[in-house]
Amino acid sequence: MTNTLESGELRRVLGAFPTGVTAIAALGEDGRPVGLAASSFTSVSLEPPLVSVCVAHTSTTWPALRGRDRLGVSVLGAHQERAGRQLSAAGQDRFLDLAWHTGIDGAVLVTGASAWFECSIEQQIRAGDHDIILLRVHDVQADHDVAPLVFHASKFRRLEREDFPV
Ligand SMILES: Cc1cc2nc3c(=O)[nH]c(=O)nc-3n(C[C@H](O)[C@H](O)[C@H](O)COP(=O)(O)O)c2cc1C
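Here is a short report on the structure shown in this document. What you are looking at is a predicted structure, and each value in this text was computed from that prediction instead of being measured.

Cut-offs and rules
- Residues numbered from 1 in each chain as written.
- Predicted model: local features only at pLDDT ≥ 70, side-chain atom pairs only at ≥ 80, totals over all residues.
- Pairing = 2+ DSSP bridges.
- Helix = DSSP H or I, 4+ residues; strand = E, 2+ residues; numbered from the N terminus.
- Axes fitted to C-alpha atoms, helices over the stretch in contact; angles between N-to-C directions.
- Core = buried A, V, L, I, M, F, W, Y, C linked by C-beta atoms within 7 Å.
- Buried ≥ 20, exposed ≤ 12 C-beta atoms within 10 Å, placed from the backbone.
- Contact = placed C-beta atoms within 7 Å.

### A short note on the sheet that holds strand E2 (residues 22-27)
Within a sheet, each strand pairs with its neighbour through backbone hydrogen bonds, oriented either parallel or antiparallel.
Line of reasoning, step 1. Read across the sheet, seven strands follow the order E3-E2-E6-E9-E10-E5-E4 without closing on themselves; strand pairing throughout is antiparallel. Edge positions in the sheet fall to strand E3 (33-38) and strand E4 (42-45), since each of these pairs with one other strand and no more. Neighbour-to-neighbour, the strand axes of the sheet open up by a mean angle of 35 degrees, direction not taken into account.

Spelled out as C-alpha cells, the structure:
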C-alpha cells in the first residue's frame, strides 16, 4: 500500500501530544559529556524496570552514546528551556554553562532537573527512520518541587498549576 502521509504533516499532528523533554547523556571516551535532547522518552515496564527513547538514524551523537556503560536521563525542569535548546543545537558545546553531575559509571545528569534515571542499554530495535532504545533503569531520583518543561506544538511550554483527579 502506498503511504500518502506526508512526514511534515505527521510531525505537526504528533506535536498535539504533549511530552516532557529529557537529556540523554554520558561521559564520552574523552571524558567530556555528550548528549542530546529527546522528547520521545516513555515508560515501558516496572518489573523489570524499563524505559525507552527513540533516536533518529541521522543522529551524530548517538554513536558516541550507544557504547557507554550507563546513560543518564534527566527530565528537564520548566526553568531549563535554554538547556533543552542547547542540548539539541548543532555545532556548539551542548554542555557550555550547563550545570551537570555524574552518576555511576559515567551517566551524565543535568543538575536542577525534575527527575533522573541512570540506565544501561538493554536492546536497540530498528523502527523506520529511528531506533527504539530500550533502557534498563538502575537508579532513579526525583525532585517533585521542580515542575517539568513541556514540549507541545514545537514549543517549550509550562504546566498550569491546576490539578484534576484522574
Ligand atoms: C524538544 C526536542 C526533542 C527532541 N527529541 C528527539 C528525540 O526524541 N529523538 C531524536 O532522535 N532527536 C530528538 N531531538 C533532536 C536531538 O536533540 C538532536 O538535535 C539531534 O539528535 C541532532 O543532533 P545530533 O546529530 O548531535 O544527534 C529533539 C530535539 C528537541 C529540541
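### Considerations on the nonpolar core
Line of reasoning, step 1. Core analysis: the biggest nonpolar cluster contains 32 residues, and Ala23, Ile24, Ala26, Leu71, Val73, Leu76 and Val110 have the highest contact counts within it.
Line of reasoning, step 2. Those elements giving two or more residues to this core turn out to be E2, E3, strand E5 (50-56), strand E6 (71-75), strand E8 (108-110), strand E9 (115-127), strand E10 (130-142) and strand E11 (149-152).
Line of reasoning, step 3. Contacts of Ala26, omitting those with residues within four sequence positions, involve Val34, Leu65, Arg68, Arg70, Leu71, Gly72, Gly106, Ala107 and Val108.

### Observations concerning the pairing of strand E12 (residues 155-158)
It is a general feature of regular strands that their side chains alternate between the two faces of the sheet.
Line of reasoning, step 1. Two strands pair when backbone bridges link them, and E11 and E12 are joined in this way by four bridges, in the antiparallel orientation. Counterpart to Phe151 in the pairing with E12 is Phe156.
Line of reasoning, step 2. Between E11 and E12, which pair antiparallel one after the other, the connecting turn spans two residues, and Ala153 there sits at a positive phi close to 50 degrees.

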